[in-house]
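Chains, contacts and geometry: an overview
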Amino acid sequence: MTEPPGRRERKKAATRQKIADTALRLFLERGYDAVGIREVAAEADVAVTTLFSHFASKEALVFEQDGDFEQRLARAVTGRAPHEPLIPALRREVHALVRHCTAESAAPIWRMIDESPALRRYEESMRLRHAETLAAAITADLELSRTATAGRTIARFVIDAYALAREAADPEAAVDEIFPMIEAAWEARRPSVRA
């Protein structure tokens, strides 16, 4: 059983959310490049140092749920039921992430990201980091018994599946189209059983 967060943790989380919400509102109202960090801090009524204690960069303000997404992908591997196949667990998680990121309310955010070279670069580096975290979780699972290269390959496929589905006209159908290919690649690298 998980213990509920204490007062200090709740206050810290509330401050972080306030900063992120304020930044996103300002970015959407005036444009990402037109808003500076000092303006975000002032509008959120926090010091610039407080803002940077919660977010490493201006770009990170836009991708405020980055850490949660990364953890969710790793938990899809580490938290699945005993003997549950890997690919269906990852497929469920990618479906959930795609639903979240393709909600109608997310459209203006993705337009802003697509229009900003800095945000596109940050998103790409974030995706590579997510793939490495996912690969580490896959490789560490002894039940899966795949090489590090196989784990990294499947992790990259999964992260790319998320990105491709998010951009598709029918994101749910795209996930369903892509994952059988990922599963085929995963099964192709099944370790041979020696007699």
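All chains use their own residue numbering, which begins from 1 and follows the written sequence. pLDDT decides what is reported in this predicted model: residues at 70 or higher carry local features, side-chain atom pairs at 80 or more are listed and counted, and totals for whole chains, interfaces and linings draw on all residues regardless. Only hydrogens and water are set aside; all other atoms, that is, all heavy atoms of the structure, feed into the side-chain values.

Only DSSP runs of H or I reaching four residues or more are called helices, and only runs of E reaching two or more are called strands; each is numbered from the N terminus. The secondary structure content of the protein amounts to ten helices and zero strands. In sequence order, the secondary structure elements of the protein are arranged as α-α-α-α-α-α-α-α-α-α. A principal-axis box enclosing the C-alpha atoms of the protein has dimensions of 70 × 40 × 25 Å. A simple rule labels every residue: compare its accessible area, found with a 1.4 Å probe on the protein chains alone, to the largest value its type can have, and call it buried under 20%, exposed over 50%, or partly exposed in between. A total of 195 residues make up the protein; the buried ones form 42% of that total. Residue contacts are counted whenever heavy atoms from the two residues lie within 4.5 Å of one another. Put simply, of all contacts in the protein between residues at least 6 apart along the chain, 68% involve residues at least 24 apart. For the protein, the exposed area adds up to about 11,400 Å²; of that, 54% sits on carbon and sulfur atoms. Note that accessible areas follow from Shrake-Rupley with a 1.4 Å probe, and for residues the cover is restricted to the protein chains shown.

On to the pattern of salt bridges, then. By convention in these notes, a salt bridge is any Lys or Arg side-chain nitrogen within 4 Å of a carboxyl oxygen on Asp or Glu. For the coordinates displayed, the defined rule picks out 17 salt bridges. Residues Glu29 and Arg25 are paired through a salt bridge, measuring 3.6 Å at the closest nitrogen-oxygen approach. In this pair, Glu29 and Arg25 are both assigned in helix α1 (residues 7–30), four residues apart and thus about one turn of the helix distant. Note on Arg25: relative accessible area 35%, which makes it partly exposed. Here Glu43 makes a salt bridge to Arg25, at a shortest N to O gap of 3.0 Å. Linking Glu43 in helix α2 (residues 37–44) with Arg25 in helix α1, this pair joins segments that are 18 residues apart in sequence. Among the charged side chains, a salt-bridge network with shared partners connects Arg25, Glu29 and Glu43.

Further remarks concern helix α8 (residues 117–140). A helix's residues, less one, multiplied by 1.5 Å, set its expected span. The end-to-end C-alpha distance of α8 is 35 Å, a good match for the 34 Å that 24 residues give at a rise of 1.5 Å each. Contact partners of the buried residues in α8: α4 (58–62), α5 (66–78), α6 (86–101), α7 (107–115), α9 (148–167) and α10 (171–188).

Moving on, we get to the nonpolar core. Counting 57 residues, the largest nonpolar core has Phe27, Val40, Val62, Leu90, Ile138 and Phe179 as the members making the most contacts within it. Looking at this core, the element that brings in the most residues is α8, giving eight residues. With near-sequence residues (within four places) excluded, Val40 lies in contact with Ile19, Thr22, Ala23, Leu26, Phe27, Val35, Leu51 and Leu61. Residues grouped as a nonpolar core are buried Ala, Val, Leu, Ile, Met, Phe, Trp, Tyr and Cys residues, joined through side-chain atoms within 4.5 Å.

This part covers the environment of Ala184. With respect to the helices, strands and loops of the structure, Ala184 is situated in helix α10. For Ala184, a relative accessible area of 47% corresponds to the partly exposed category. Spatially, the C-alpha atom of Ala184 lies 35 Å from that of Pro108, the residues being 76 residues apart in sequence.

This part takes up the layout of surface pockets. In the cavity and pocket records, a cavity denotes points on a 1 Å grid over the protein atoms alone where a 1.4 Å probe fits but cannot get out, a pocket denotes an open set with protein on both sides within 12 Å along at least 5 of 7 lines, and lining residues are residues with an atom within 4 Å of a point. Grid points are joined across faces, edges and corners, and a volume is the space filled by probe spheres set on the points. Of the volumes computed, that of the largest pocket is approximately 500 Å³. The wall of the largest pocket is formed by 28 residues, among which Val62, Gln65, Phe69, His100 and Cys101 lie closest to the centre. If you list the elements that add at least two residues to the lining of the largest pocket, you get α1, α4, α5, α6, α7, α8 and α9. Ten residues, namely Ala, Val, Leu, Ile, Met, Phe, Trp, Tyr, Cys and Pro, are considered nonpolar, four, namely Asp, Glu, Lys and Arg, are considered charged, and the remaining ones, Gly among them, are considered polar. Of the residues that constitute the lining of the largest pocket, the class distribution is 18 nonpolar, five polar and five charged.

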